[in-house]
Amino acid sequence: MLSSFSEKAIMTKVKAMYGRRITDAQYRELLHRRSVAEVAAYLRDETDYRDILLDTAPNAVHREQLENLLRKHRYMQYLKLLRYDSSQSDSYYQFPIVRAEAEQLLHMIQLLNFGRADEYITMYPAYLAHLTSFSLSELARVRSFDELRTLLHGTPYGEVLAPHLPAGTQQANLAHCETALYRYFYARCDELARTHYGKATVRALTDIRGTHMELMNVYLIYRMKKFFPDTTPEEICAMMLKSGRIPDKVMREWANAPDADAFLQALYASPYQRYIDAQDFVFIEYTGECIRYHLNRRYLRFGDTAPVAFTSYMVLSELELKNITTIIEGIRYSVPSDEIQKLLIV
(Lines give C-alpha, C1' and ligand atoms only; values in the text may rest on other atoms or scores of the structure.)
Protein backbone atom coordinates (compact mmCIF):
# COMPACT_ATOMS: atom_id res chain seq x y z
CA MET A 1 0.00 0.00 0.00
CA LEU A 2 1.34 3.43 -0.88
CA SER A 3 1.92 5.97 1.86
CA SER A 4 -0.47 8.87 2.06
CA PHE A 5 2.35 11.21 1.06
CA SER A 6 3.14 9.18 -2.06
CA GLU A 7 -0.50 9.08 -3.14
CA LYS A 8 -0.94 12.82 -2.68
CA ALA A 9 2.31 13.57 -4.49
CA ILE A 10 1.43 11.37 -7.46
CA MET A 11 -2.08 12.78 -7.66
CA THR A 12 -0.81 16.37 -7.54
CA LYS A 13 1.88 15.73 -10.13
CA VAL A 14 -0.54 13.96 -12.49
CA LYS A 15 -2.98 16.86 -12.33
CA ALA A 16 -0.17 19.33 -13.04
CA MET A 17 1.10 17.31 -16.01
CA TYR A 18 -2.37 16.96 -17.47
CA GLY A 19 -2.80 20.71 -17.08
CA ARG A 20 0.08 21.13 -19.55
CA ARG A 21 -1.54 18.94 -22.22
CA ILE A 22 -2.04 20.07 -25.80
CA THR A 23 -5.15 22.27 -25.85
CA ASP A 24 -7.78 22.50 -28.57
CA ALA A 25 -6.34 25.87 -29.59
CA GLN A 26 -2.86 24.36 -29.88
CA TYR A 27 -4.19 21.50 -32.01
CA ARG A 28 -5.70 24.11 -34.33
CA GLU A 29 -2.34 25.86 -34.55
CA LEU A 30 -0.60 22.57 -35.34
CA LEU A 31 -3.12 21.87 -38.08
CA HIS A 32 -2.08 25.12 -39.76
CA ARG A 33 1.59 24.09 -39.98
CA ARG A 34 2.78 23.21 -43.46
CA SER A 35 5.75 20.93 -42.78
CA VAL A 36 7.21 18.56 -40.20
CA ALA A 37 9.79 21.23 -39.43
CA GLU A 38 7.05 23.75 -38.62
CA VAL A 39 5.33 21.21 -36.35
CA ALA A 40 8.62 20.56 -34.53
CA ALA A 41 9.24 24.29 -34.11
CA TYR A 42 5.76 24.89 -32.71
CA LEU A 43 6.00 21.98 -30.27
CA ARG A 44 9.42 23.23 -29.11
CA ASP A 45 8.40 26.84 -28.70
CA GLU A 46 4.79 26.65 -27.52
CA THR A 47 4.13 23.38 -25.68
CA ASP A 48 5.33 21.15 -22.86
CA TYR A 49 7.46 19.22 -25.38
CA ARG A 50 10.01 22.05 -25.35
CA ASP A 51 12.47 20.26 -23.06
CA ILE A 52 12.81 17.16 -25.25
CA LEU A 53 13.09 19.32 -28.41
CA LEU A 54 15.28 22.07 -26.98
CA ASP A 55 18.46 20.89 -28.68
CA THR A 56 16.72 19.87 -31.91
CA ALA A 57 16.95 21.98 -35.05
CA PRO A 58 13.44 21.83 -36.56
CA ASN A 59 14.70 22.12 -40.13
CA ALA A 60 17.03 19.16 -39.62
CA VAL A 61 14.66 16.76 -37.84
CA HIS A 62 12.86 14.15 -39.90
CA ARG A 63 9.48 12.63 -39.19
CA GLU A 64 10.63 9.39 -37.58
CA GLN A 65 13.15 11.16 -35.37
CA LEU A 66 10.52 13.64 -34.19
CA GLU A 67 8.03 10.89 -33.37
CA ASN A 68 10.71 8.99 -31.41
CA LEU A 69 11.52 12.10 -29.40
CA LEU A 70 7.84 12.60 -28.58
CA ARG A 71 7.58 8.99 -27.39
CA LYS A 72 10.66 9.52 -25.26
CA HIS A 73 9.05 12.61 -23.72
CA ARG A 74 6.04 10.55 -22.66
CA TYR A 75 8.25 8.07 -20.83
CA MET A 76 10.31 10.86 -19.27
CA GLN A 77 7.06 12.18 -17.82
CA TYR A 78 6.30 8.70 -16.52
CA LEU A 79 9.71 8.48 -14.84
CA LYS A 80 9.04 11.79 -13.10
CA LEU A 81 5.89 10.26 -11.60
CA LEU A 82 7.71 7.06 -10.68
CA ARG A 83 10.02 9.02 -8.37
CA TYR A 84 7.10 9.55 -6.01
CA ASP A 85 6.31 5.83 -5.76
CA SER A 86 7.46 4.62 -2.33
CA SER A 87 6.71 0.94 -3.03
CA GLN A 88 9.74 -1.30 -2.75
CA SER A 89 8.66 -3.99 -5.20
CA ASP A 90 5.71 -5.20 -7.26
CA SER A 91 4.39 -1.68 -7.61
CA TYR A 92 1.25 -1.09 -9.64
CA TYR A 93 3.03 1.94 -11.12
CA GLN A 94 5.38 -0.37 -13.04
CA PHE A 95 2.63 -1.35 -15.50
CA PRO A 96 3.77 1.03 -18.28
CA ILE A 97 7.10 -0.81 -18.30
CA VAL A 98 5.34 -4.17 -18.64
CA ARG A 99 3.45 -2.81 -21.62
CA ALA A 100 6.62 -1.37 -23.13
CA GLU A 101 8.30 -4.78 -22.76
CA ALA A 102 5.40 -6.43 -24.59
CA GLU A 103 5.62 -3.85 -27.38
CA GLN A 104 9.38 -4.34 -27.78
CA LEU A 105 9.01 -8.12 -27.92
CA LEU A 106 6.29 -7.84 -30.56
CA HIS A 107 8.50 -5.50 -32.56
CA MET A 108 11.36 -8.01 -32.48
CA ILE A 109 9.07 -10.93 -33.39
CA GLN A 110 7.83 -8.97 -36.38
CA LEU A 111 11.39 -8.17 -37.47
CA LEU A 112 12.40 -11.83 -37.09
CA ASN A 113 9.47 -12.82 -39.30
CA PHE A 114 10.73 -10.40 -41.96
CA GLY A 115 14.38 -11.43 -41.60
CA ARG A 116 15.30 -7.90 -40.48
CA ALA A 117 16.20 -8.39 -36.81
CA ASP A 118 19.45 -6.45 -37.29
CA GLU A 119 17.38 -3.25 -37.68
CA TYR A 120 16.16 -3.35 -34.07
CA ILE A 121 19.37 -1.84 -32.72
CA THR A 122 18.53 1.47 -34.41
CA MET A 123 14.98 1.52 -33.02
CA TYR A 124 14.86 0.34 -29.43
CA PRO A 125 14.17 2.86 -26.63
CA ALA A 126 17.51 2.99 -24.80
CA TYR A 127 16.02 5.37 -22.22
CA LEU A 128 14.00 2.44 -20.84
CA ALA A 129 16.90 -0.02 -20.77
CA HIS A 130 17.50 0.34 -17.01
CA LEU A 131 13.86 -0.49 -16.21
CA THR A 132 13.08 -3.60 -18.24
CA SER A 133 13.19 -7.14 -16.85
CA PHE A 134 15.32 -8.31 -19.79
CA SER A 135 18.16 -6.53 -21.53
CA LEU A 136 17.11 -4.44 -24.53
CA SER A 137 20.71 -4.35 -25.74
CA GLU A 138 20.76 -8.17 -25.65
CA LEU A 139 17.40 -8.21 -27.43
CA ALA A 140 19.06 -6.14 -30.18
CA ARG A 141 21.58 -8.96 -30.67
CA VAL A 142 18.88 -11.60 -31.25
CA ARG A 143 18.87 -13.08 -34.74
CA SER A 144 16.55 -16.09 -34.39
CA PHE A 145 13.59 -17.33 -32.40
CA ASP A 146 15.89 -19.79 -30.62
CA GLU A 147 18.03 -16.88 -29.44
CA LEU A 148 14.92 -14.99 -28.34
CA ARG A 149 13.77 -18.02 -26.39
CA THR A 150 17.16 -18.21 -24.67
CA LEU A 151 17.10 -14.50 -23.79
CA LEU A 152 13.64 -14.75 -22.21
CA HIS A 153 14.38 -17.93 -20.23
CA GLY A 154 13.71 -17.29 -16.55
CA THR A 155 11.46 -14.27 -17.20
CA PRO A 156 7.65 -14.36 -17.27
CA TYR A 157 7.80 -13.80 -21.03
CA GLY A 158 9.65 -17.06 -21.60
CA GLU A 159 6.63 -18.99 -20.39
CA VAL A 160 4.10 -16.63 -21.98
CA LEU A 161 5.62 -16.91 -25.46
CA ALA A 162 6.86 -20.52 -25.28
CA PRO A 163 3.84 -22.01 -27.16
CA HIS A 164 4.09 -19.38 -29.90
CA LEU A 165 7.79 -19.14 -30.81
CA PRO A 166 8.56 -21.48 -33.74
CA ALA A 167 11.59 -23.65 -34.19
CA GLY A 168 14.12 -23.15 -36.94
CA THR A 169 13.33 -20.63 -39.65
CA GLN A 170 9.54 -20.79 -39.45
CA GLN A 171 7.58 -17.59 -38.86
CA ALA A 172 5.73 -16.83 -35.64
CA ASN A 173 2.01 -16.06 -35.66
CA LEU A 174 2.20 -12.41 -34.63
CA ALA A 175 -1.48 -12.23 -33.68
CA HIS A 176 -1.13 -15.17 -31.29
CA CYS A 177 2.00 -13.64 -29.75
CA GLU A 178 0.18 -10.33 -29.30
CA THR A 179 -2.77 -12.02 -27.61
CA ALA A 180 -0.50 -13.94 -25.24
CA LEU A 181 1.49 -10.85 -24.27
CA TYR A 182 -1.54 -8.65 -23.71
CA ARG A 183 -3.27 -11.34 -21.68
CA TYR A 184 -0.22 -11.42 -19.45
CA PHE A 185 -0.07 -7.63 -19.27
CA TYR A 186 -3.69 -7.21 -18.24
CA ALA A 187 -3.57 -10.13 -15.81
CA ARG A 188 -0.49 -8.57 -14.20
CA CYS A 189 -2.23 -5.19 -13.92
CA ASP A 190 -5.22 -6.85 -12.28
CA GLU A 191 -3.03 -8.80 -9.86
CA LEU A 192 -1.12 -5.68 -8.76
CA ALA A 193 -4.30 -3.63 -8.38
CA ARG A 194 -6.02 -6.25 -6.23
CA THR A 195 -2.90 -6.67 -4.10
CA HIS A 196 -2.46 -3.00 -3.27
CA TYR A 197 -5.85 -1.26 -3.45
CA GLY A 198 -9.39 -1.35 -2.12
CA LYS A 199 -12.58 -2.32 -3.90
CA ALA A 200 -13.52 1.12 -5.24
CA THR A 201 -10.11 1.70 -6.79
CA VAL A 202 -9.99 -1.82 -8.23
CA ARG A 203 -13.46 -1.30 -9.72
CA ALA A 204 -12.38 1.90 -11.48
CA LEU A 205 -9.15 0.36 -12.77
CA THR A 206 -11.09 -2.68 -13.98
CA ASP A 207 -13.46 -0.39 -15.88
CA ILE A 208 -10.55 1.36 -17.62
CA ARG A 209 -8.78 -1.89 -18.39
CA GLY A 210 -11.92 -3.81 -19.34
CA THR A 211 -13.02 -1.11 -21.76
CA HIS A 212 -9.70 -1.30 -23.58
CA MET A 213 -9.77 -5.11 -23.77
CA GLU A 214 -13.34 -5.01 -25.02
CA LEU A 215 -12.43 -2.52 -27.72
CA MET A 216 -9.39 -4.56 -28.75
CA ASN A 217 -11.74 -7.53 -29.24
CA VAL A 218 -14.02 -5.39 -31.40
CA TYR A 219 -11.03 -4.27 -33.52
CA LEU A 220 -9.88 -7.89 -33.82
CA ILE A 221 -13.25 -9.25 -35.00
CA TYR A 222 -13.69 -6.44 -37.51
CA ARG A 223 -10.17 -6.84 -38.97
CA MET A 224 -10.55 -10.60 -39.26
CA LYS A 225 -13.97 -10.34 -40.92
CA LYS A 226 -12.91 -7.51 -43.23
CA PHE A 227 -9.37 -8.46 -44.25
CA PHE A 228 -9.00 -12.16 -43.34
CA PRO A 229 -12.44 -13.64 -44.08
CA ASP A 230 -11.10 -17.21 -44.05
CA THR A 231 -10.35 -16.97 -40.33
CA THR A 232 -12.71 -19.30 -38.46
CA PRO A 233 -14.85 -18.15 -35.50
CA GLU A 234 -12.87 -20.56 -33.30
CA GLU A 235 -9.60 -18.93 -34.35
CA ILE A 236 -11.01 -15.47 -33.65
CA CYS A 237 -12.24 -16.48 -30.19
CA ALA A 238 -8.81 -17.95 -29.39
CA MET A 239 -7.24 -14.53 -30.01
CA MET A 240 -9.69 -12.52 -27.88
CA LEU A 241 -8.90 -10.96 -24.53
CA LYS A 242 -11.11 -11.80 -21.56
CA SER A 243 -12.63 -8.47 -20.61
CA GLY A 244 -15.32 -9.89 -18.33
CA ARG A 245 -17.79 -7.26 -19.50
CA ILE A 246 -19.52 -8.40 -22.68
CA PRO A 247 -20.71 -12.00 -22.10
CA ASP A 248 -18.72 -14.74 -23.81
CA LYS A 249 -21.91 -15.84 -25.58
CA VAL A 250 -22.25 -12.43 -27.24
CA MET A 251 -18.58 -12.41 -28.25
CA ARG A 252 -18.98 -15.83 -29.82
CA GLU A 253 -22.05 -14.60 -31.72
CA TRP A 254 -20.05 -11.66 -33.04
CA ALA A 255 -17.19 -13.96 -34.04
CA ASN A 256 -19.71 -16.13 -35.91
CA ALA A 257 -21.03 -13.22 -37.99
CA PRO A 258 -20.75 -14.19 -41.68
CA ASP A 259 -18.88 -11.02 -42.70
CA ALA A 260 -17.77 -7.57 -41.56
CA ASP A 261 -21.06 -5.88 -42.42
CA ALA A 262 -23.05 -8.43 -40.41
CA PHE A 263 -20.69 -7.91 -37.47
CA LEU A 264 -21.19 -4.15 -37.62
CA GLN A 265 -24.96 -4.58 -37.61
CA ALA A 266 -24.69 -6.80 -34.53
CA LEU A 267 -22.40 -4.26 -32.88
CA TYR A 268 -24.87 -1.53 -33.66
CA ALA A 269 -27.51 -3.45 -31.69
CA SER A 270 -25.20 -3.52 -28.63
CA PRO A 271 -24.45 -0.80 -26.04
CA TYR A 272 -21.99 0.61 -28.59
CA GLN A 273 -24.96 1.91 -30.60
CA ARG A 274 -24.59 5.39 -29.11
CA TYR A 275 -21.03 5.68 -30.44
CA ILE A 276 -21.29 4.44 -34.00
CA ASP A 277 -23.03 4.94 -37.30
CA ALA A 278 -24.14 1.61 -38.73
CA GLN A 279 -23.71 2.97 -42.25
CA ASP A 280 -20.23 4.44 -41.79
CA PHE A 281 -17.85 2.55 -39.56
CA VAL A 282 -14.69 2.90 -41.60
CA PHE A 283 -12.65 4.30 -38.72
CA ILE A 284 -13.47 1.62 -36.19
CA GLU A 285 -10.34 2.14 -34.12
CA TYR A 286 -10.82 5.90 -34.14
CA THR A 287 -14.29 5.41 -32.63
CA GLY A 288 -12.87 3.13 -29.98
CA GLU A 289 -10.10 5.53 -29.06
CA CYS A 290 -12.64 8.34 -28.63
CA ILE A 291 -14.49 6.10 -26.16
CA ARG A 292 -11.25 5.57 -24.23
CA TYR A 293 -10.50 9.31 -24.30
CA HIS A 294 -13.80 10.35 -22.75
CA LEU A 295 -13.76 7.53 -20.18
CA ASN A 296 -10.26 8.36 -18.96
CA ARG A 297 -10.80 12.11 -19.00
CA ARG A 298 -13.79 11.57 -16.73
CA TYR A 299 -11.80 9.39 -14.35
CA LEU A 300 -8.96 11.89 -14.25
CA ARG A 301 -11.30 14.77 -13.51
CA PHE A 302 -13.46 13.05 -10.91
CA GLY A 303 -11.36 10.15 -9.62
CA ASP A 304 -10.04 10.57 -6.10
CA THR A 305 -7.23 8.00 -5.94
CA ALA A 306 -3.68 8.21 -7.27
CA PRO A 307 -3.62 4.91 -9.21
CA VAL A 308 -6.81 5.81 -11.10
CA ALA A 309 -5.50 9.29 -11.92
CA PHE A 310 -2.14 7.83 -12.94
CA THR A 311 -3.71 5.18 -15.19
CA SER A 312 -6.00 7.71 -16.85
CA TYR A 313 -3.13 10.11 -17.42
CA MET A 314 -1.03 7.42 -19.09
CA VAL A 315 -3.93 6.61 -21.45
CA LEU A 316 -4.57 10.27 -22.24
CA SER A 317 -0.88 10.98 -22.87
CA GLU A 318 -0.81 8.00 -25.25
CA LEU A 319 -3.82 9.39 -27.13
CA GLU A 320 -2.25 12.86 -27.29
CA LEU A 321 0.83 11.32 -28.86
CA LYS A 322 -1.41 9.59 -31.42
CA ASN A 323 -3.03 12.92 -32.26
CA ILE A 324 0.30 14.62 -32.84
CA THR A 325 1.48 11.70 -34.95
CA THR A 326 -1.74 11.91 -37.00
CA ILE A 327 -1.07 15.60 -37.65
CA ILE A 328 2.56 14.94 -38.63
CA GLU A 329 1.57 12.13 -41.01
CA GLY A 330 -1.27 14.17 -42.47
CA ILE A 331 0.98 17.15 -43.17
CA ARG A 332 3.64 14.88 -44.64
CA TYR A 333 1.15 13.50 -47.17
CA SER A 334 -0.53 16.88 -47.85
CA VAL A 335 -3.89 15.89 -46.36
CA PRO A 336 -6.19 18.93 -45.96
CA SER A 337 -6.24 20.23 -42.39
CA ASP A 338 -10.01 19.79 -42.05
CA GLU A 339 -9.62 16.10 -42.95
CA ILE A 340 -6.80 15.64 -40.42
CA GLN A 341 -8.93 17.32 -37.76
CA LYS A 342 -11.65 14.72 -38.21
CA LEU A 343 -9.16 12.04 -37.13
CA LEU A 344 -8.09 13.69 -33.88
CA ILE A 345 -9.16 11.85 -30.73
CA VAL A 346 -11.06 14.51 -28.81
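Structure shown above.
For the structure given in this document, a descriptive report is provided here. (Residues numbered from 1 in each chain as written. Predicted model: local features only at pLDDT ≥ 70, side-chain atom pairs only at ≥ 80, totals over all residues. Heavy atoms only, no water.)

Let us now look at helix H10 (residues 174-196). Helix length check: H10 (23 residues) gives 33 Å between terminal C-alpha atoms against 33 Å at 1.5 Å per residue, within 8%. Regarding H10, the residues found buried are Cys177, Thr179, Ala180, Leu181, Tyr182, Phe185, Tyr186, Arg188, Cys189, Leu192, Ala193 and His196. For H10, the elements touching its buried residues are helix H6 (95-114), helix H9 (156-161), helix H11 (199-227) and helix H12 (233-238). The residue sitting at the N-terminus of H10 and contributing the capping side-chain oxygen is asparagine 173; that oxygen lies 3.1 Å from the backbone nitrogen of alanine 175. (Helix = DSSP H or I, 4+ residues; strand = E, 2+ residues; numbered from the N terminus. Expected span 1.5 Å × (residues − 1). Buried < 20%, exposed > 50% of the residue type's maximum accessible area, 1.4 Å probe, protein only. Contact = heavy atoms within 4.5 Å. Polar contact = N/O pair within 3.5 Å; in protein donor to acceptor, adjacent residues only side chain to side chain.)

Turning our eyes to something else, we now look at the layout of surface pockets. Taken as a whole, the largest pocket holds about 1600 Å³ of empty space. Looking at the largest pocket, it is lined by 43 residues, and the ones nearest its centre are Arg71, Arg99, Glu103, Tyr182 and Lys322. Elements supplying a minimum of two residues to the lining of the largest pocket: helix H5 (63-82), H6, H10, H11, helix H15 (284-302) and helix H16 (306-332). With eight residues, H5 is the largest single contributor of residues to the lining of the largest pocket. Considering only residue class, the lining of the largest pocket consists of 20 nonpolar, ten polar and 13 charged. What the second largest pocket holds in volume is close to 390 Å³. Lining the second largest pocket are 25 residues, and of these Tyr18, Arg21, Ile22, Leu316 and Glu320 lie nearest its centre. Sort the elements by how many residues they give to the lining of the second largest pocket and H16 lands first, with seven residues. (1 Å grid on protein atoms, 1.4 Å probe; cavity = no way out; pocket = protein on both sides within 12 Å on 5 of 7 lines; lining within 4 Å. Points joined across faces, edges and corners; volume = space filled by probe spheres on them. Nonpolar A, V, L, I, M, F, W, Y, C, P; charged D, E, K, R; others polar.)

A few words now on the pattern of salt bridges. Summed over the entire model, instances satisfying the criterion amount to 20 salt bridges. With its nearest N and O atoms 3.1 Å apart, the salt bridge here joins arginine 63 to glutamate 329. Residue arginine 63 is found in helix H5, and its partner glutamate 329 is found in helix H16; the two are separated by 266 residues along the sequence. Accessibility expressed as a relative area gives 22% for arginine 63, which makes it partly exposed. Among the residues examined, glutamate 329 registers a relative accessible area of 23% and is labelled partly exposed. In the salt-bridge network here, residues are joined through shared partners; they are Arg99, Glu103, Glu289, Arg292, Glu318 and Lys322. (Salt bridge = Lys/Arg side-chain N within 4 Å of Asp/Glu carboxyl O.)

If you look at the biggest cluster of nonpolar residues, it comprises 71 residues, and the most contacted ones within it are Leu105, Leu139, Leu148 and Phe310. If you tally residues by element for this core, the top one is H6, at eleven residues. Beyond its immediate stretch of four places on either side in the chain, leucine 139 contacts Gln104, Leu105, Met108, Tyr120, Phe134, Leu148 and Leu151. Residues Val36, Tyr42, Leu43 and Ile324 belong to the second largest nonpolar core, which totals 23 residues. (Core = buried A, V, L, I, M, F, W, Y, C linked by side-chain atoms within 4.5 Å.)

What follows concerns the packing of helix H2 (residues 24-31) against helix H3 (residues 36-46). Where H2 meets H3, the axes come as close as 9 Å, and the angle between the chain directions of the two elements is 150°. It follows from the interaxial angle that H2 and H3 lie roughly antiparallel. Note that H2 runs across H3; the crossing there is right-handed. Contacts from Gln26, Glu29 and Leu30 of H2 reach H3 at Val39, Tyr42, Leu43 and Glu46. Residue classes in the contact of H2 with H3 are distributed as four nonpolar, one polar and two charged. (Axes fitted to C-alpha atoms, helices over the stretch in contact; angles between N-to-C directions. Parallel < 35°, antiparallel > 145°, perpendicular 65-115°, else oblique. Left-handed = near helix turned anticlockwise from the far one by under 90°.)

The analysis is restricted to geometry; functional conclusions fall outside its scope.
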